[in-house]
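Report on the structure
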Amino acid sequence: MLVGREREWERIGELLDRARLGRSGALLLHGEAGIGKTALLDHAAATAAEDMQVVRAVGVESEAELEFSGLLELCRPLAARLDAIPARQAETLRGALGLGPTAAGSDRFTIGAATLSLLAATAEDAPLLALVDDVQWLDRSSQDALVFAARRLQADRVVLLFARRDGEARSFEAAGLETLALGGLADEAAEALLAASGVSPRVAAQLHAATGGNPLALRELPGLLSAAQLAGSEPLTDPLPISGGVKQAFAQQAAALGPHAQTVLLVAAVATTPAAEPVLRALAALDAGDGLAEAEDAGLLAVADARIAFRHPLVRSAIHQAASPSDLRAAHRALADALGDPAAADQRAWHLAAAAVGPDEQIAAALVATAETARMRAGYAAAASALERAARLTPAGGPQAARLFAAAEAAWLAGRPERASALVSETLATEAGAGGQRGVAQRLAGSIAYFAGRGEEAAATLLDAVEALASSDLGAAVSTAADAVNASIPSADPAPMLLAAERARALAPDDGGEAEFEASLALGYALCFNGRLAEGEPLVTRGVELFAARTAVAAPLQIGRLAWALGWLGRHAEAQEHVTRTIRLARAAGAVASLPYLLAASAWHGVHIGRWGEAYADLGEGLDLAEQIGQPLATAQALSLLTWLHAMRGDADAARSRAEQALVLTRAHGFRLYELLVWLGLGLLEAGSGRWEAALDPFERAARGTAEQGFYVGGVAPALELAEACARTGRAEQAQALLAKFERSELPAVPLQAGLAARCRGLLAEVDGFEAHFAAALELHASGGYPLALARTQLCFGERLRRGGRRVDAREQLRAALDGFERLGAQGWAERAREELRASGETLRRRDDPAARDELTPRELQIALQVAEGATNKEVAAALFLSPKTVEYHLKHVYRKLDIHARAELIRSFATAGAARD
């Protein structure tokens, strides 16, 4: 029976009720040791058992480095449902949990998606409650999988309850999950709890004050006091027996037992499995088996069904922390000797490591084998820990540096960049070898710095790696130099970008191979970024040609570089096709980590060719994933592009909200390129509504940023946007100066840029000369496939014609502009076109409401697009790392918003929109 936890239980009860009705929920309870977290979980389990399935796991300190041990405990009862989830996910999860062969190329996030699918599939039979106590001691791989699932379950009959003990060496942070802090019991609740033990009200008040209302302490104290003290006829001791905390009280109880019973408690505490058999074998070797009965009679542990369970998780912690180092080593050694079964090799290796007193190559090698097993199962966090420990145990002259680097690499793959950075730095500080070995380590260090937003450091480190690799692995050296080009992009620093690209080209042979492909794209990109288009475009073209001749599957970063290169050539539709194909492959393989970057690339090109709905869906999904898996670079990309897209669509509140988020992140990490896109987007927001004075400042910020850094980004033109704003606000002289500077550059060779400049010339021209400029702009924008630029030019042209008294000619341009804006969903510009048409004397039909599909959320739109391509709910769920029920839930909202009733109608609706768009 729970006492004094009405508020907490009300919230848990709400989650259970919602799950019964088909809505998922997750909650993290946290507080000090003994505060009542386990009691709440127990009560939830007992309550739910009437009509729900219940599974649970408990984090154990001695198991914290065993990959997927916690997930296995939780999911083992659900294994029969593995056949009900997507085959690739089932294969990956079986391999990770040791229930089947290891799946090749597993991604740690695929395991999270598979966990989500398994929980959802199980809940098809009956609502599911999953409980995880002491989650801070769960192995990192299990934590990651469960948090990924908890964040993405939505319309399934699943509740996940986590309990975290505060103040431990390891913590558990899960951004995005609801948390509930537990404090001490109130006076009345404490008195009620103590009344059953015969404690007088006056003594109860004293005990409440002494314990801070900690429920476990209140339960334990009466057993440590005399009847007279409980009744209040004798004073309480000062300090109270439990003054050192509940954990100390348990340690004192254990210390009062005989030596063999204490040995039993210690061996059970450090065991990595609750199975009794290995513990009993270890106790026999220590000649302490006869202490089991005493320990059990003391109520500190219990043996049932061939398993050993402690009375409370704090008992285990108390025993472990009170033991001397020599006793701990002896217990670990005994357990290692007891675990002779090859299936327990990983556990044995960790016990041997804990028993070691100095370097030991045999133990180090066993840990390396354990790490390899973990890596094969995508348990990268466990692999990193095993490899780091192996490095510490490696004797002098052994492969310590190689093991440290392998640990760093595993930590990086596990999503632990800070630990990975520390380990690779330690690697480089050791005798890490010369040439290739050192170069590989430097390349990893540069990659970590890049994704952490430290562009300058990343570029310099990667260039050092190029020189170290050049003599041993030419292909890797060229590829690393190309990575250095990428590292300079977010910070918009052209100089190191060009330096890296020139080094790549100098190293690569002109043989049409992989190295020439990488180097051509890298140097062509860097030259174009520096505004040297005449030199850069032939190299970009060569790189694209070499890509077409390749047979190897391109990596995501290579596809990203290719897409950017095609963007320089104005071939955005082709670029998006390559990215979309790679996204499909990544979804099929469950490669979640690469998706945010790829989705941002797809959105970038989609925006340029007018596929704004698809871009909105891509960015919504990409942002969601990037935030969940901790990718600040991809998060900044998505936020800046969402600012831009919302601005062009005329959604002021959303644009400003995303801009605020993006600026915080871009400034924190020095992502100057994405800050530029934010200011450009805010300028377009004002321009779209005709607020040209307000547009001046953001356009000027964007233009100043490109001018100061000396770079050019294909597909955007801050200086020309500023020139138009100046032209429209009576600053003709400043506009002319900006255009003159543009004419002195190589940018007039770019159709989009040339068209924008021609449009601005048309705004500034005298009455008898403006038409030729607008005609040139229209031709450039139409041939280049830039629908927004074309519609904006038609609007400008129509405005000038109307103001010149040529209303009939103006209407032709204004109607075309309105049609273009409405197709895109550019509401601000569309309204301006309507106003101009009305001013020209045209009577417009009643304004339609914005297209219903523009009201879809990014997830709804992404699901609708998948269904429109003919995918089933299960196929959509697998592709988007959701559950089928969540897909069904969102699809109902899509049908309602679009006023349709069947999948066939949805497919026709999107096919018609696509045909109209194309």
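Residues numbered from 1 in each chain as written. Predicted model: local features only at pLDDT ≥ 70, side-chain atom pairs only at ≥ 80, totals over all residues. Heavy atoms only, no water.

With that out of the way, let us pick up the overall build of the chain. Looking only at helices and strands, the chain features 46 helices and 7 strands. The C-alpha radius of gyration of the chain comes to 33 Å, within 12% of the 29 Å expected for a compact globule of 918 residues. In terms of principal-axis extent, the alpha carbons of the chain reach across some 110 × 65 × 50 Å. Scored against the burial criterion, the 918 residues of the chain give a buried share of 56%. The long-range share in the chain, meaning contacts at least 24 apart out of those at least 6 apart in sequence, stands at 68%. As presented, the chain carries roughly 35,800 Å² of accessible surface, and 52% of it is formed by carbon and sulfur atoms. (Helix = DSSP H or I, 4+ residues; strand = E, 2+ residues; numbered from the N terminus. Rg over C-alpha atoms; globule rule 2.2 N^0.38 Å. Buried < 20%, exposed > 50% of the residue type's maximum accessible area, 1.4 Å probe, protein only. Contact = heavy atoms within 4.5 Å. Areas by Shrake-Rupley, 256 points an atom, 1.4 Å probe, with all protein chains shown as cover.)

Before going further, it helps to examine the packing of aromatic side chains. Applying the stated criterion across every chain, the model contains 13 aromatic pairs. Ring centres of Tyr525 and Trp564 lie 6.0 Å apart, and the angle between their planes is 85°; on these two criteria the pair is classed as edge-to-face. With Tyr525 in helix H26 (residues 514-529) and Trp564 in helix H28 (residues 556-568), the pair connects residues that are 39 residues apart, well separated along the chain. Where Phe671 meets Tyr674, the ring centres are 6.0 Å apart and the plane angle is 75°; that geometry is what we call edge-to-face. Across the pair, exposure class does not vary: Phe671 and Tyr674 are buried alike. Through a chain of ring-to-ring contacts, the aromatic side chains of Tyr525, Phe529, Trp564, Trp604, Trp644 and Phe711 assemble into a single cluster. Directly above the ring of Tyr616 sits Arg649, whose terminal nitrogen or CZ lies 4.5 Å from the centroid. For Arg701, the ring lying beneath its charged end belongs to Trp679, and the centroid distance is 4.3 Å. (Phe/Tyr/Trp six-rings, centres within 6.5 Å; stacked < 30°, edge-to-face > 60°. Lys NZ or Arg CZ within 6 Å of the ring centre and 35° of its normal.)

Viewed as axis vectors pointing N to C, helix H22 (residues 436-451) and helix H23 (residues 455-469) meet at an angle of 165°, and their least axial separation amounts to 8 Å. In terms of orientation, H22 lies roughly antiparallel with respect to H23. When the axes of H22 and H23 are compared, the crossing they make is left-handed. Taking contact as the criterion, the partners of Gly436, Gly439, Val440, Gln442, Arg443, Ala445, Gly446, Ser447, Ala449 and Tyr450 in H22 are, on H23, Glu457, Ala458, Thr461, Leu462, Asp464, Ala465, Ala468 and Leu469. Its residues assigned to classes, the contact of H22 with H23 shows 9 nonpolar, 6 polar and 3 charged. (Axes fitted to C-alpha atoms, helices over the stretch in contact; angles between N-to-C directions. Parallel < 35°, antiparallel > 145°, perpendicular 65-115°, else oblique. Left-handed = near helix turned anticlockwise from the far one by under 90°. Nonpolar A, V, L, I, M, F, W, Y, C, P; charged D, E, K, R; others polar.)

Burial analysis of strand E3 (residues 128-133) places 6 of its 6 residues in the buried class, the great majority of the element. Alternating residues of E3 divide into Leu128, Ala130 and Val132 and Leu129, Leu131 and Asp133, and every residue in both groups is buried. Sheet analysis places strand E2 (residues 53-58) next to E3, joined by 6 bridges and oriented parallel. Opposite Ala57, over in E3, you have Val132 as the bridge partner. In terms of strand pairing, E3 meets strand E4 (residues 158-165) through 5 bridges, oriented parallel. Among the inter-strand pairings, Val132 is bridged to a residue of E4, identified as Phe162. Chirality of the crossover, the property in question, places the unit of E3, helix H6 (residues 140-152) and E4 among those that are right-handed. (Pairing = 2+ DSSP bridges. Right-handed = clockwise from strand over helix to strand, strands pointing away.)

A few words now on helix H20 (residues 400-413). Note on helix geometry: an α-helix contains 3.6 residues per turn, so any two residues three or four positions apart are oriented the same way. Between its terminal C-alpha atoms H20 stretches 20 Å, which fits the 20 Å expected from 14 residues at 1.5 Å a residue. All buried positions along H20 are accounted for by Ala401, Arg403, Leu404, Phe405, Ala406, Ala407, Ala408, Ala410 and Ala411. On its buried side, H20 packs onto helix H18 (361-376), helix H19 (380-393), helix H21 (417-429) and H22. (Expected span 1.5 Å × (residues − 1).)

Trp644, Met648, Phe699, Val713, Phe821, Trp829 and Leu906 are the most contacted members of the largest nonpolar core, which has 160 residues in total. Here this core gets 10 residues from one element, more than from any other, and that element is helix H34 (residues 672-688). Leave out the neighbours within four places in its chain, and Met648 touches Val607, Trp612, Leu684, Leu788, Ala826, Gln827 and Trp829. Counting 45 residues, the second largest nonpolar core, distinct from the first, contains Leu78, Ala130, Ala378 and Ala381. (Core = buried A, V, L, I, M, F, W, Y, C linked by side-chain atoms within 4.5 Å.)

For the rest of this paragraph, the subject is the side chain of Gln89. On the secondary structure map, Gln89 appears in helix H4 (residues 87-97). A distance of 2.5 Å separates the side chain of Gln89 from the side chain of Ser117, its partner in a polar contact. Ignoring any residue separated from it by four or fewer positions in sequence, one finds Gln89 in contact with Ala113, Ala114, Ser117 and Ala878. (Polar contact = N/O pair within 3.5 Å; in protein donor to acceptor, adjacent residues only side chain to side chain.)

Now for the confidence of the model for the chain. Taken residue by residue, the chain gives an average pLDDT of 88. The fraction at 70 or more is 96%. Averaged pLDDT values for the elements of the chain fall to 65 in helix H46 (residues 903-917) and rise to 97 in E3. (pLDDT = per-residue confidence, 0-100.)

End to end, helix H12 (residues 259-270) covers 17 Å across 12 residues, agreeing with the expected 16 Å (1.5 Å per residue, within 8%). Within H12, burial applies to Ala261, Val264, Leu265, Leu266, Val267, Ala268, Ala269 and Val270.

What follows concerns empty space enclosed by the protein. Taken as a whole and judged by the stated rule, the model has 12 cavities of 30 Å³ or more. Volume-wise, the largest cavity comes out at about 260 Å³. If you trace the largest cavity, you find 19 residues lining it, with Trp644, Met648, Gly715, Leu788 and Ala789 closest to the centre. Elements represented by at least two residues in the lining of the largest cavity include exactly helix H30 (595-608), helix H32 (632-649), H34, helix H38 (751-764) and helix H40 (787-803). Residue contributions to the lining of the largest cavity peak at 4 residues, all from H40. Residue classes in the lining of the largest cavity are distributed as 14 nonpolar, 2 polar and 3 charged. Of the volumes computed, that of the second largest cavity is approximately 140 Å³. Taken together, Trp564, Tyr597, Ala600, Ala601, Trp604, Gln637, Ser640, Leu641, Leu673, Tyr674, Leu677 and Val713 make up the full set of residues lining the second largest cavity. Those elements that provide at least two residues to the lining of the second largest cavity are H30, H32 and H34. Looking at the lining of the second largest cavity, the element that brings in the most residues is H30, giving 4 residues. (1 Å grid on protein atoms, 1.4 Å probe; cavity = no way out; pocket = protein on both sides within 12 Å on 5 of 7 lines; lining within 4 Å. Points joined across faces, edges and corners; volume = space filled by probe spheres on them.)

Moving on to the packing of H38 against H40. As a packed pair, H38 and H40 sit with axes 10 Å apart at the nearest point and diverge in direction by 15°. By the angle between their directions, the pair H38 and H40 is classed as roughly parallel. Crossing hand, H38 versus H40: left-handed. Between H38, through Leu752, Arg759, Gly762 and Leu763, and H40, the contact on the second element is made entirely by Ala789, Arg792, Thr793, Cys796 and Arg800. Partitioning the contact of H38 with H40 into residue classes produces 4 nonpolar, 2 polar and 3 charged.

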